[in-house]
Amino acid sequence: MHPIGLLWGLAEVGTGRMPRMTHPNPGPVVQRILLGAQLSAARELRGLSTTEATKALGWYAGKLSKIEAGDVPTSDKDLLKAIRVFEIPAEEAEPLQRLAAEARRKLPPSRVPEWAAKYVHLIAAAKELKLWNSDTFPATVQTADYARAALTQLVTVSAADVERMAEERVKRVTILKSANAPRLWLVVGEEALHREVGGPETLRGQLEHVRELAKLPNVNVQVIPFDGGAHASPGVSFSIVELIEGRPGIVFVEGLTGSDYLGREHVRAYNLAFDNLRMAGLSRQRTITMLNRRIAEL
């Protein structure tokens, strides 16, 4: 098998089969990311830098980077050119062409901001999710009331969009309870248990919701206590989405008006930080005990 298949696990010998992911139809956004990752791997195996490959392809500066990041669809013409320049063999080229065609499908409109939509589709196709938030609960595990209260305070979200966006956040939680649910590692700072987003009743409902999630076999919830001292990611919340078993995944870091999707060398650093956060967190049982105590207080 060509080394690209070995690197990404995207084609089995003699079959051209694509990897199995959590969602039966991962959608064009994720398929663009997978296609871009394969092309990036093929380019690197040829020993070409992005600049050298761009010149060989005859593309404008930045086009290859956008394709490899999964930010834009890849036309058949551009893909054929990349297959030739990167010397991808025929048995690997055919599934790439099918993937590129699927990745050009149009998505239904969403109330999620454009720069965050990519993350929503990544979650739908994830094998594993690692979420870290220091002071609140992340969108993927929010209740409707908690989501509304959080969204209402965002200056980048209009009042007209709050309800629809809250509903979309709640839908993400159903993924965790599906037949092909991803593994979830949720680590939060103790402040998340005390910050009364939406008031005491809303926070109580959120904590009860997280407690129920913590009972699922595919979910592990941990809290880093106030007295735990310094930790590995002060002031920076992030998510790590693993799409393919054994591959390093993609890091998502969200800001007020935009987001970053980090790969390659960044993923190693964030995975190491997350491992350290988990080690600093309370055990599963001690976390549930803390949740119970806080729920009783409210």
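See the structure shown above.
Residues numbered from 1 in each chain as written. Predicted model: local features only at pLDDT ≥ 70, side-chain atom pairs only at ≥ 80, totals over all residues. Heavy atoms only, no water.

Chemist: So what's going on with the nonpolar core? Which residues, and what values?
Modeler: The biggest cluster of nonpolar side chains holds 62 residues, and the ones touching the most others in it are Leu 39, Phe 86, Phe 137, Leu 193 and Leu 243. With seven residues, the single largest contributor to this core is helix 2 (residues 27–45). Once you skip the residues sitting within four places of it in the chain, Phe 137 turns out to touch Gln 142, Tyr 146, Val 188, Ala 192, Leu 193, Gln 206, Leu 207 and Val 210. The next biggest cluster of nonpolar side chains, apart from the first, holds 14 residues, and it includes Ile 224, Val 251, Val 253 and Val 267. (Core = buried A, V, L, I, M, F, W, Y, C linked by side-chain atoms within 4.5 Å. Buried < 20%, exposed > 50% of the residue type's maximum accessible area, 1.4 Å probe, protein only. Helix = DSSP H or I, 4+ residues; strand = E, 2+ residues; numbered from the N terminus. Contact = heavy atoms within 4.5 Å.)

Chemist: A description of the sheet that holds strand 1 (residues 128–133) should follow, citing residues and the corresponding values.
Modeler: What the six strands build is an open sheet, ordered 3-2-1-4-5-6; its pairing is mixed. A single partner strand is all that each edge strand has here, and the edge strands are strand 3 (219–224) and strand 6 (259–262). Neighbour-to-neighbour, the strand axes of this sheet turn through a mean angle of 15 degrees, independent of strand direction. (Pairing = 2+ DSSP bridges. Axes fitted to C-alpha atoms, helices over the stretch in contact; angles between N-to-C directions.)

Chemist: Quick rundown of the pattern of salt bridges? Include the residues and the values.
Modeler: Within this structure, the stated rule accounts for 16 salt bridges. Between Arg 183 and Glu 242 there is a salt bridge, with its nearest N and O atoms 3.7 Å apart. Taken as a pair, Arg 183 in strand 2 (residues 183–189) and Glu 242 in strand 4 (residues 238–242) lie far apart in primary sequence, 59 residues in all. Residue class for Arg 183 comes out partly exposed when judged on its relative accessible area of 32%. A residue is classified by how much of its surface remains accessible, and Glu 242, at 12% relative accessible area, is buried. For Glu 212, the salt bridge identified is with Lys 215, shortest N-O distance 3.2 Å. Under the relative-accessibility criterion, Glu 212 is labelled partly exposed at 43%. Classification of Lys 215 as exposed rests on a relative accessible area of 54%. Salt bridges sharing partners connect three or more residues here, namely Glu 128, Lys 130, Arg 183 and Glu 242. (Salt bridge = Lys/Arg side-chain N within 4 Å of Asp/Glu carboxyl O.)

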